[in-house]
Amino acid sequence: MMYRLSAYRQLKNRASSSHLNWITLFNSTRSNHILSFATVKAEEVSGSQPAEVHNLVQGKWTKSSSWNTILDPLNGQPFIKVAEVNESELQPFVESLSKCPKHGLHNPFKAPERYLMLGDVSTKAAHALGLPEVSDFFAKLIQRVSPKSYQQALIEVLVTQKFLENFCGDQVRFLARSFAVPGNHLGQQSHGFRWPYGPVAVIAPFNFPLEIPLLQLMGALYMGNKPVLKVDSKVCIVMEQMLRLLHECGLPVDDVDFINSDGKTMNKLLVEAKPRMTLFTGSSRVAEKLADDLSGRVKLEDAGFDWKILGPDVNEVDYVAWVCDQDAYACSGQKCSAESILFMHENWSGSSLLDKMTELAARRKLDDLTIGPVLTVSTETMLDHAKKLLQIPGSRLLFGGEALQNHSIPKIYGAIKPTAIFVPLEEILKDEHYPLVTKEIFGPFQVVTEYKDNQLPLVLDALEKMHAHLTAAVVSNDIVFLQKVIGNSVNGTTYAGLRARTTGAPQNHWFGPAGDPRGAGIGTPEAIKLVWSCHREIIYDVGPMPLGWKVPAST
């Protein structure tokens, strides 16, 4: 009891101190437009004023023996220096994770005051992100490292803020809600609890530098885990700044470790530190390697070759065309939920849909970053893929298929116009073509095809052969058609109806793949509990003993 009271007082004092810091952050932000948590100014990060990104381990911000220089994706200037840990510098991170027991930093029987503390942190962080100066800072910082339009970057910040609002106050402890079932006799009850894994790892990609790592990191913390966070070095500055904000909002500095490294070094850390669970968001190839190296102790939100089917009922052509454009080309197609293939009922071919899609794609320009650098696929790779698709009989270029002109994007990144290529359905299903057509190109690129009423079974066959089942859209208000397609597909986040899309997942619904027991979700209480906790059953059996009980015969 004394230990629990002492722990509570320490957390209360720490929260009081952080509350003062938070008030300072609020006041200074409103009056002087200076963010007390920030170590950079988003607009000033440049080749002439490069920013530095540090590591966080055992409660201390540290540098390393070497720096990885990140090139500005818009002009190629070296504009960020990342202190990358090498293999000989991993020991502090291994030790930090090893200090966390398997039963976690907290659980329903241990340090429950931490649930309340994290609810308070979420409250303060949500309020801070709601300040125009803070949301603008993060939106512009996202733009600097993962170029996308300001609106797209700001939406990422706002979704993150809403997520934090969802877990204010008591909502964190509600994640650990238990249940009880009556036993066989008086004094016996079984209780189911959500239990942390303890030491865990979060590996996040480049395309959503704030939303993906922050949502998964907070989910890990809420359930009682001690995470080490690794974000793609190209964009890691965003989460470094967010961690500094969380510290000002009351998050204990030793709750999270933050490491910058290459993939080989991170893999070595995971193998040596042996986290009880690793959340990986990224490519299928790396995901499968991690699953092998970590003996299956992973949750994966990997690649998505995402499909959209336009049903036979043609309505609101302008709106559907706009959603197709957003789904395929917003953020330059660099979303794991981006529209990769469009199955168009022949009724839509007789509409103005393709003409409108062509017009909308032509509006995108580098000046406002509605089209921009592709950070993981080169221009040559994307144009070569287009060339191979156009060699398939009956294929044709609908629009795009050219490199962007008059820009200073470095050659290590891709830069092409929004591209769509039509491939006949019968050709897609041929064994010699299917792997090529369904290869995910993480850029502004999609395949379009057409089907007739009697060819819907062929479309469903094409879906069945896919190996990634992340997002999907069935654009139709025909309920029988919807039932047919939904009942014969598996994608974990599927939008259905005339306004269906593949991208733009908010914080209020599950986002993640289906069809794989390793699949990870994000955003909702169900996602957090699935990914960041396991089930523990405790059976109380306290008696009393029946009157006259005697030792029975052996059985």
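Under an unreviewed UniProt entry, the name given to the protein chain is Aldehyde dehydrogenase domain-containing protein, and the organism recorded is Solanum stoloniferum. Its UniProt record, at the heading Sequence similarities (unreviewed entry), says of the protein chain: "Belongs to the aldehyde dehydrogenase family."

**Q** Explain helix α11 (residues 317-329) here, please?
**A** For an α-helix, 3.6 residues make a turn, and residues three or four places apart therefore share a direction. With 13 residues, α11 ought to run about 18 Å at 1.5 Å a step, and its terminal C-alpha atoms sit 18 Å apart, in line with that. Phi turns positive, to about 60°, at C331, one or two residues after α11.

**Q** Would you mind going over the sheet that holds strand β20 (residues 534-541) with me for this structure?
**A** Across a sheet, paired strands are connected by hydrogen bonds in the backbone, their directions being either parallel or antiparallel. Pairing is antiparallel across the open sheet formed by three strands, whose spatial order is β6-β7-β20. Each edge of the open sheet carries a strand with a single partner, namely β6 (179-182) and β20. Sheet twist, expressed as the average angle between the axes of neighbouring strands with direction ignored, equals 20°. Two strands pair when backbone bridges link them, and β6 and strand β7 (residues 188-195) are joined in this way by four bridges, in the antiparallel orientation. Bridging from a neighbouring strand, P182 pairs with Q189 of β7.

**Q** Just checking my understanding: could you explain the packing of aromatic side chains for this structure?
**A** Any two aromatic rings considered together are summarised by their centre-to-centre distance and by the angle between their planes. A complete count under the given rule lists 13 aromatic pairs for this structure. The interplanar angle of 75° and the centroid separation of 6.5 Å between the aromatic rings of F193 and W195 together place this pair among those described as edge-to-face. You can call W195 buried: its relative accessible area is 8%. Through a chain of ring-to-ring contacts, the aromatic side chains of F37, F137 and F138 assemble into a single cluster. Against the face of F174 rests R177, its NZ or CZ located 5.1 Å from the ring centre.

**Q** Got a minute to help me understand helix α17 (residues 456-465) in this structure?
**A** All of the buried residues in α17 are L456, V459, L460, A462 and L463. An end-on view of α17 places all buried positions within 155° of arc, on one side of the element. Looking at the buried residues of α17, the elements they touch are β13 (306-310), β14 (339-345), α15 (425-428), α16 (434-437), β17 (445-451) and α18 (479-487).

**Q** So what exactly am I meant to see when it comes to the UniProt feature "domain: Aldehyde dehydrogenase" (unreviewed entry) in the protein chain here?
**A** In this numbering, the UniProt entry assigns the feature "domain: Aldehyde dehydrogenase" (unreviewed entry) to residues 61-496. Annotation note: span residues 61-496, helix share 40%, strand share 20%, distance between end C-alpha atoms 46 Å.

**Q** I'm lost on unusual backbone geometry in this one. Help?
**A** Trans is the common state for peptide bonds, and a negative phi is the common state for residues other than glycine. A cis amide bond links G543 with the next residue in sequence, P544, at an omega value of 15°. The residue P544 is located in the segment after β20 in this model. The residue K274 is not glycine, and still its phi comes out positive at about 55°. Looking at the element boundaries, K274 is found in the loop between α9 (263-273) and β11 (277-281). Not every positive phi belongs to a glycine, and S295 is a case in point at roughly 55°. Here S295 is to be found in the loop between α10 (284-293) and β12 (298-301).

**Q** In this structure, what is going on with the pattern of salt bridges? I would like to understand it.
**A** Close approach of charged atoms lets side chains of opposite charge pair. On inspection of all chains with the given rule, the structure shows 26 salt bridges. Linking K308 and E339 is a salt bridge whose minimum nitrogen-to-oxygen distance equals 2.7 Å. One end of the pair, K308, is in strand β13; the other, E339, is in strand β14, with 31 residues separating them in the sequence. When its relative accessible area of 1% is taken as the criterion, E339 is described as buried. A salt bridge links D325 to R364; the nearest nitrogen and oxygen atoms lie 2.8 Å apart.

**Q** For this particular structure, what's the right way to read the packing of helix α4 (residues 132-145) against helix α5 (residues 150-166)?
**A** Any two packed helices are characterised by how steeply their axes cross, that is the angle between the axes, and by the distance between the axes. Direction vectors running N to C along α4 and α5 enclose 125°, while the axes themselves pass 8 Å from each other. As the angle between them shows, α4 and α5 are arranged oblique. Remark: the crossing between α4 and α5 carries right-handed chirality. Residues S135, D136, F138, A139, K140, I142 and Q143 of α4 touch α5, and the partners they reach there are Y150, A153, L154, E156 and V157.

**Q** Please explain the layout of surface pockets as it appears in this structure.
**A** Rolled over the atoms, a probe as big as a water molecule pinpoints where empty space is left. Volume-wise, the largest pocket comes out at about 1100 Å³. The wall of the largest pocket is formed by 39 residues, among which F280, G282, S283, R285 and V286 lie closest to the centre. Taken together, the elements giving at least two residues each to the lining of the largest pocket come down to β8 (199-204), α9, β11 and α10. Per-element tally for the lining of the largest pocket: the top contributor is α10, with five residues. For the lining of the largest pocket, the residue count by class is 16 nonpolar, 13 polar and ten charged. Each pocket or cavity is described by its volume, and for the second largest pocket that value is around 590 Å³. Forming the walls of the second largest pocket are 29 residues, and the residues nearest its centre are K335, R501, T503, G504 and A505. At the level of elements, α5, α7 (211-222) and α11 are the ones that each hand at least two residues to the lining of the second largest pocket. When grouped by side-chain class, the residues that make up the lining of the second largest pocket number 14 nonpolar, eight polar and seven charged.

**Q** How should the packing of helix α3 (residues 113-130) against helix α8 (residues 236-248) be read in this particular structure?
**A** Here α3 crosses α8 at 125°, and the two axes come no closer than 9 Å. Accordingly, the angle class assigned to the pair α3 and α8 is oblique. Between α3 and α8 the crossing geometry is right-handed. Residues V121, A125, A128 and L129 of α3 pack against M242, L245 and L246 of α8. Taken together, the residues of the contact of α3 with α8 break down into seven nonpolar, no polar and no charged.

What counts as what
- Residues numbered from 1 in each chain as written.
- Predicted model: local features only at pLDDT ≥ 70, side-chain atom pairs only at ≥ 80, totals over all residues.
- Heavy atoms only, no water.
- UniProt positions renumbered as here; feature names shortened; annotations may be inferred.
- Helix = DSSP H or I, 4+ residues; strand = E, 2+ residues; numbered from the N terminus.
- Expected span 1.5 Å × (residues − 1).
- Pairing = 2+ DSSP bridges.
- Axes fitted to C-alpha atoms, helices over the stretch in contact; angles between N-to-C directions.
- Phe/Tyr/Trp six-rings, centres within 6.5 Å; stacked < 30°, edge-to-face > 60°.
- Buried < 20%, exposed > 50% of the residue type's maximum accessible area, 1.4 Å probe, protein only.
- Lys NZ or Arg CZ within 6 Å of the ring centre and 35° of its normal.
- Arc of directions from axis to C-beta.
- Contact = heavy atoms within 4.5 Å.
- Salt bridge = Lys/Arg side-chain N within 4 Å of Asp/Glu carboxyl O.
- Parallel < 35°, antiparallel > 145°, perpendicular 65-115°, else oblique.
- Left-handed = near helix turned anticlockwise from the far one by under 90°.
- 1 Å grid on protein atoms, 1.4 Å probe; cavity = no way out; pocket = protein on both sides within 12 Å on 5 of 7 lines; lining within 4 Å.
- Points joined across faces, edges and corners; volume = space filled by probe spheres on them.
- Nonpolar A, V, L, I, M, F, W, Y, C, P; charged D, E, K, R; others polar.

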